[in-house]
Amino acid sequence: PSGLIFNRLTPGQGKDLARLYGKIFADSFSRSLSRLYRPLTQEEAEALLMDNHVKAYIIYSSRLVGLLVIGIYGVIGEIHFLGVLPEYRGNGLGKKILMFCLNELNRAGVETVRLEVDLENLPAVMLYRTIGFKDINRYVYYVFSRSNTM
């Protein structure tokens, strides 16, 4: 997409992936209905980068603006993470990143693309629906902690 540079992350850059993930999705960590969202550890990020099915990109315009992590599993593609840093949201970058993503998956022979999105993230939900994604399942997650019972 015009004006964006996609730099592929490689094994050994898990710390960079985890740090950027934390900056992009920090607001999801604090929302009460999103308690399942949590920071990505460096070890988890490194494991993603070691997976031969996964491609991870940090995205630049004139500055670092976002992150994309996709998985290619035969004819199934998954968008693991797609996000724009908060200070750059609302400028159409998410759509540009998504279009790059779909083109990458298409070139790899993917026929179906799956993703999960927090329904509280209305801009993301609307973007995916506008592009043509359809809801196939909605999940209700329950979280239990000892503090709920005391």
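The structure under discussion appears in the preceding block.
Cut-offs applied
Residues numbered from 1 in each chain as written. Predicted model: local features only at pLDDT ≥ 70, side-chain atom pairs only at ≥ 80, totals over all residues. Heavy atoms only, no water. Axes fitted to C-alpha atoms, helices over the stretch in contact; angles between N-to-C directions. Helix = DSSP H or I, 4+ residues; strand = E, 2+ residues; numbered from the N terminus. Parallel < 35°, antiparallel > 145°, perpendicular 65-115°, else oblique. Left-handed = near helix turned anticlockwise from the far one by under 90°. Contact = heavy atoms within 4.5 Å. Nonpolar A, V, L, I, M, F, W, Y, C, P; charged D, E, K, R; others polar. Buried < 20%, exposed > 50% of the residue type's maximum accessible area, 1.4 Å probe, protein only. Pairing = 2+ DSSP bridges.

1. Thoughts on the packing of helix α3 (residues 93–107) against helix α4 (residues 122–131)
For any two helices packed against each other, one specifies the crossing angle of their axes together with the interaxial distance. Direction vectors running N to C along α3 and α4 enclose 45 degrees, while the axes themselves pass 11 Å from each other. Of the possible angle classes, the one that applies to α3 and α4 is oblique. In terms of crossing hand, the pair formed by α3 and α4 is right-handed. Of the residues in α4, those touching α3 at Gly 94, Lys 95, Leu 98, Met 99 and Leu 102 are Leu 127, Tyr 128 and Ile 131. Class assignment for the residues of the contact of α3 with α4 results in six nonpolar, one polar and one charged.

2. Quick look at the pairing of strand β3 (residues 64–73)
In terms of burial, β3 is a largely internal element, eight of the 10 residues being buried. When strand β2 (residues 54–60) meets β3, the two strands line up antiparallel, connected through seven bridges. Residue pairing in the sheet places Lys 55 in a bridge with Ile 70 of β3. Where β2 folds back onto β3 in an antiparallel hairpin, the turn is made up of three residues. One ladder, built from eight bridges, connects β3 with strand β4 (residues 76–84); its direction is antiparallel. Following the sheet pairing, Ile 72 is matched in β4 by Gly 77. Following β3, the chain reverses through two residues before pairing antiparallel with β4; Gly 74 in that reversal takes a positive phi of roughly 70 degrees.

3. Let's talk about the sheet that holds β4
Read from one edge of the open sheet, five strands run β1-β2-β3-β4-β5, paired in mixed fashion. A strand with exactly one partner marks an edge of an open sheet, and here the two such strands are β1 (5–8) and β5 (112–115). Adjacent strand axes in the sheet meet at a mean angle of 30 degrees, parallel and antiparallel pairs treated alike. Each of β1, β2, β3, β4 and β5 touches α3; the most contacted strand, β4, lies at about 160 degrees to it.

All we've got here are geometric facts, nothing functional implied.
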